[in-house]
Every structure is written in structure tokens, then in C-alpha cells.
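Overview (structure and organization)
Letter by letter, the chains look like this.
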Amino acid sequence: MYLMAGRVRYSEVGLDGGLTLHHLINYFQDCSTFHLEDIGLGLDYFQSQNLAFFILSWQIEINRLPKESEKIKVGTQIYECKGCFGYRNYVLYDEADNVLAYANLGGVFMDTISESFAKLSTEEIAKYPIEEKFEMEYLPRKIKAPKATDTFPKVTIRPCQIDTNGHVNNSHYVALALECLPQELEIKRVRVEYKKAAKCGDIMIPASVSLDGIYYVSLNDEEGHPYAILSFNE
């Protein structure tokens, strides 16, 4: 497992002084970015090959979120890379190596010119270090959400939410969805299913519903089609 040391910054915590969920995702994403850079498959390589890796889903399990100034370690490992699809695990540790959170991510390689799936060759797949899957309960990628009953004000996507692919950064979907939930909610599981990429200037209309202790949020376009569907468990 590739490991990255860190320390929770004041700019990454919320009202309770704990790491926010979207900054947890940023730590996970940054760890995999550094992992790829260190094995020679970083952003420059991807851009030279007209490649991008788009995330299709997250499943994040939370034992505890670290507090401001707490020393942490973030780990990631690739456990499958097949055709145009890739899968990773992430683990967040405290200073004593206790597991604070862990995750499963699934994504797809895309050709940025044709905007179609990019099937990797055997030679390209061989460049990725494959390790054993992290032991956890693996849930389906797709989220079966009931029809939302509560809608929220429209959100216009701003330039500060856009990444190098020209799309809303994955963590921002979670940040927007959290604004639809009760503030006192102590979240232990997050799932995200990305349906289509939102771009600068797009209008997003959040809608939510809760059922059997699970809160669902759909971030929709103006026609009611979701950019992403998320679920949150206490």
C-alpha cells in the first residue's frame, strides 16, 4: 500500500473541529495522485496520452474523523485494472495506525479527444501495481434511491469548483449534498454514484429524501436528470 503522511489543517475542518467529508475525499484523491506520479503515471503522462480517469462511484466507511492538527496517514492501493475500468481502496490512519476511515473507488479510463471509453492495453495495465483488496463489505456501484421529496435552491457551478478535466471536482458533489442534510447527522457511510459530469455554468438542483435511516441526495440538472446520486448512513 502506498502511504502519504499528513496533518489535519484548520482549513479542512468544520464547526466541530473535525475533518470534513469532502476534505476526507480530497485526501484520498491526493494520495492516489501522488501514487501515480511516483510510479511515472501522473497528470503529465495522462495528458500526453489523451487519457483521463473518471470516478464512477465511492463507498466510504467512517469510524472516526480526525481533529484539527491531528497527525494522519493516508494509504491507497489498486486492486484491479481491467480493460477500461480501474478500482482502488483507500485507508485513513491516525498516528497510532488505528483505521479511521476506508473506502472503495471505481472508475473508468476515458479518451479526452473522442470522449469515449479507453480500453487499456496489456502493456499499459502492467504498469499499474496490483495488490490484494482491502477487507470490507463491498456494496453495489449503483444506488437505488427513492424519489426525492425535498428540493433546494438552484446552484450555479462556479470556476473554483472545476478540475483539470473541466468538470466539477468529485469532492464538491459531496460538499453540495451535505448542505441538504441535518447538521447534527453523524455520518458513518457515504456512497456516491456519478451519472454525468457537471461543468462550469451548469445549473444543479439538489433534492433529498430519507428512508429507513438513510439520507439520499440527488444533484439534478434542470430537466431532473442526476449528475450524481448520494446516500449517507448514520
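As recorded in an unreviewed UniProt entry, the protein goes by the name Acyl-ACP thioesterase, listed as coming from Turicibacter sanguinis.

1. A short note on the packing of aromatic side chains
Scanning the entire structure with this criterion turns up 12 aromatic pairs. Note on Tyr 79 and Tyr 138: the rings are 6.0 Å apart at their centroids and 70 degrees apart in plane angle, and the pair reads as edge-to-face. With Tyr 79 in strand E3 (residues 71–82) and Tyr 138 in the loop between helix H3 (122–125) and strand E7 (150–151), this pair connects stretches of sequence that are 59 residues apart. In this structure Tyr 79 comes out as buried when scored by relative accessible area, which is 11%. Linked through ring pairs, Tyr 45, Phe 46, Phe 53, Phe 109 and Tyr 128 together constitute an aromatic cluster. Of note, Lys 133 hangs over the ring of Tyr 138, and the distance from its end group to the ring centre comes to 4.1 Å. Above the plane of the ring of Tyr 227 lies Lys 196, whose end atom (NZ or CZ) is 5.0 Å from the centre.

2. Considerations on the UniProt feature "domain: Acyl-ACP thioesterase N-terminal hotdog" (unreviewed entry) in the protein
Per the UniProt entry, the sites bearing "domain: Acyl-ACP thioesterase N-terminal hotdog" (unreviewed entry) are residues 7–128 in this numbering. Helix makes up 23% of residues 7–128 and strand 41%, whereas the separation of the span's terminal C-alpha atoms amounts to 28 Å.

3. Considering the pairing of strand E4 (residues 85–94)
Looking along a regular strand, one sees side chains alternate from face to face of the sheet. Counting buried positions along E4 gives eight out of 10 residues, so the element sits mostly inside the fold. The sheet contact formed by E3 and E4 spans 10 bridges and is antiparallel. From the neighbouring strand, Val 74 faces E4, where its bridge partner is Leu 92. Pairing geometry for E4 and strand E5 (residues 99–111), over nine bridges, is antiparallel. Bridge assignment links Tyr 90 to a residue of E5, and that residue is Ala 103. Taking the residues between adjacent antiparallel strands as the criterion, E4 and E5 are bridged by four residues, where Asp 97 takes a positive phi near 70 degrees.

4. Here's the deal with the environment of Ile 162
For Ile 162, the position within the fold is in the loop between strand E8 (155–156) and helix H4 (170–178). Along the backbone, Ile 162 and Tyr 227 are 65 residues apart, and their C-alpha atoms lie at a distance of 14 Å. Once residues lying within four places of it in the same chain are set aside, the contact partners of Ile 162 are Ile 157, His 167, Val 168, Lys 199 and Cys 200.

5. Notes on the nonpolar core
In this structure, Leu 24, Phe 28, Trp 58, Ile 60, Tyr 173, Met 204 and Phe 232 are the most contacted members of the largest nonpolar core, which totals 45 residues. Ranked by residues supplied to this core, first place goes to helix H1 (residues 21–38) with six residues. Contact partners of Leu 24, with chain neighbours within four places excluded, come to Leu 19, Ile 60, Ile 62, Leu 65, Leu 92 and Ala 101. Counting residues in hydrophobic clusters, the runner-up holds 11 residues, among them Leu 36, Leu 41, Tyr 45 and Phe 46.

6. With respect to the layout of surface pockets
Considered as a void within the structure, the largest pocket measures approximately 1,300 Å³ in volume. Considering the residues around the largest pocket, the lining is formed by 47 residues, among which Ala 52, Phe 53, Phe 54, Ile 55 and Asn 165 are closest to the centre. Of all elements in the fold, only H1, helix H2 (43–48), strand E2 (51–62), E3, E4, E5 and H4 reach the threshold of two or more residues within the lining of the largest pocket. Counted by class, the lining of the largest pocket contains 25 nonpolar, 13 polar and nine charged residues. Each pocket or cavity is described by its volume, and for the second largest pocket that value is around 770 Å³. As for the second largest pocket, its lining consists of 23 residues, of which Asp 16, Thr 20, Leu 65, Gln 183 and Leu 185 are closest to the centre. Residues that form the lining of the second largest pocket fall into these classes: 10 nonpolar, six polar and seven charged.

7. Focus on the state of the cysteines
One pass over the structure, following the stated rule, counts zero disulfides. With no disulfide of its own, Cys 160 has Cys 200 as its nearest cysteine by sulfur position, at a separation of 8.7 Å.

Rules of the game
Residues numbered from 1 in each chain as written. Predicted model: local features only at pLDDT ≥ 70, side-chain atom pairs only at ≥ 80, totals over all residues. Heavy atoms only, no water. Phe/Tyr/Trp six-rings, centres within 6.5 Å; stacked < 30°, edge-to-face > 60°. Helix = DSSP H or I, 4+ residues; strand = E, 2+ residues; numbered from the N terminus. Buried < 20%, exposed > 50% of the residue type's maximum accessible area, 1.4 Å probe, protein only. Lys NZ or Arg CZ within 6 Å of the ring centre and 35° of its normal. UniProt positions renumbered as here; feature names shortened; annotations may be inferred. Pairing = 2+ DSSP bridges. Contact = heavy atoms within 4.5 Å. Core = buried A, V, L, I, M, F, W, Y, C linked by side-chain atoms within 4.5 Å. 1 Å grid on protein atoms, 1.4 Å probe; cavity = no way out; pocket = protein on both sides within 12 Å on 5 of 7 lines; lining within 4 Å. Points joined across faces, edges and corners; volume = space filled by probe spheres on them. Nonpolar A, V, L, I, M, F, W, Y, C, P; charged D, E, K, R; others polar. Disulfide = S-S within 2.5 Å.

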